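Structural description and commentary
What follows is the residue order along each chain.
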Amino acid sequence: GHASSRTGEMNVPSHLNKNLNISEARASAAAAELNAAGLPSERIVIEAKGDSEPLYSEAMPSGEAGNRRAEIYFE
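Structural notes, computed from the coordinates. A quick note: this is a predicted structure, and the numbers were derived from the prediction, not measured.

What counts, and at which threshold
Residues numbered from 1 in each chain as written. Predicted model: local features only at pLDDT ≥ 70, side-chain atom pairs only at ≥ 80, totals over all residues. Heavy atoms only, no water. Helix = DSSP H or I, 4+ residues; strand = E, 2+ residues; numbered from the N terminus. Buried < 20%, exposed > 50% of the residue type's maximum accessible area, 1.4 Å probe, protein only. Contact = heavy atoms within 4.5 Å. Areas by Shrake-Rupley, 256 points an atom, 1.4 Å probe, with all protein chains shown as cover. Lys, Arg positive; Asp, Glu negative; His and termini not counted. Charge placed at Lys NZ, Arg CZ, Asp CG, Glu CD. Salt bridge = Lys/Arg side-chain N within 4 Å of Asp/Glu carboxyl O. Polar contact = N/O pair within 3.5 Å; in protein donor to acceptor, adjacent residues only side chain to side chain.

1. Some words on the overall build of the protein chain
On a plain count of helices and strands, the protein chain comes out with two helices and zero strands. Once the C-alpha set of the protein chain is aligned to its principal axes, its extents read approximately 40 × 25 × 20 Å. Looking at the protein chain as a whole, 21% of its 75 residues are labelled buried. Counting only contacts in the protein chain whose residues sit at least 6 apart along the sequence, the fraction spanning at least 24 positions is 56%. As displayed, the protein chain offers around 5,400 Å² of accessible surface, 54% of which is attributable to carbon and sulfur atoms. Within the protein chain, the 11 negative side-chain charges are centred at a point lying 4 Å from the centre of the 7 positive side-chain charges.

Right, dumping it as structure tokens:
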């Protein structure tokens, strides 16, 4: 799970914690959908990245939206 860098005027520790929690919730939601679709929970691993791995510049709202994502890998 990933998050955008927007958290308002928070101090750095609060910002990092908030985005980590957001990305963990995003990853958990994706995992729950995969589990509901029949993938056994023991085959699902979630990882929260916060805003540490952006794909897009956040100068525009579309870039910010693109950085709010869940990435799913299959083996």
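What follows continues from the structure just given.
2. What to know about the pattern of salt bridges
Two side chains carrying opposite charge are able to pair once their charged atoms lie near each other. Tallied over the full model, the rule gives four salt bridges. Put simply, Lys 49 and Glu 53 hold a salt bridge, and the shortest N to O gap is 3.3 Å. Judged by its relative accessible area of 27%, Lys 49 is partly exposed. Across the pair Arg 68 and Glu 64 runs a salt bridge whose closest N-O atoms are separated by 2.6 Å. Note on Arg 68: relative accessible area 37%, which makes it partly exposed.

3. With respect to the environment of Ala 3
Here Ala 3 lies in the segment before helix H1 (12-36). Along the sequence, Ala 3 and Asn 17 sit 14 residues apart, while their C-alpha atoms lie 11 Å from each other.

4. Remarks on the side chain of His 15
Locating His 15 in the fold gives a position in helix H1. Residue classification places His 15 among the buried positions, given a relative accessible area of 15%. If sequence neighbours within four positions are ignored, His 15 has contacts with Ser 5, Thr 7, Met 10 and Asp 51.

5. Re the side chain of Asn 67
Mapped onto the elements, Asn 67 comes out in helix H2 (residues 61-67). According to the relative accessible area criterion, Asn 67 is buried, its value standing at 1%. A polar side-chain atom of Asn 67 sits 2.8 Å from a polar atom in the side chain of Glu 58. Those residues in contact with Asn 67 that lie beyond four places of it in its chain are His 2, Ala 3, Ser 4, Pro 54, Leu 55, Tyr 56 and Glu 58.

6. Digging into the environment of Gly 50
Summarising the element assignment, Gly 50 is placed in the loop between H1 and H2. Setting aside chain neighbours within four positions, we find Gly 50 in contact with Gly 1, His 2, Ala 3, Asn 19, Leu 20 and Ser 23.

As far as function goes, none of this settles anything; it's purely spatial.
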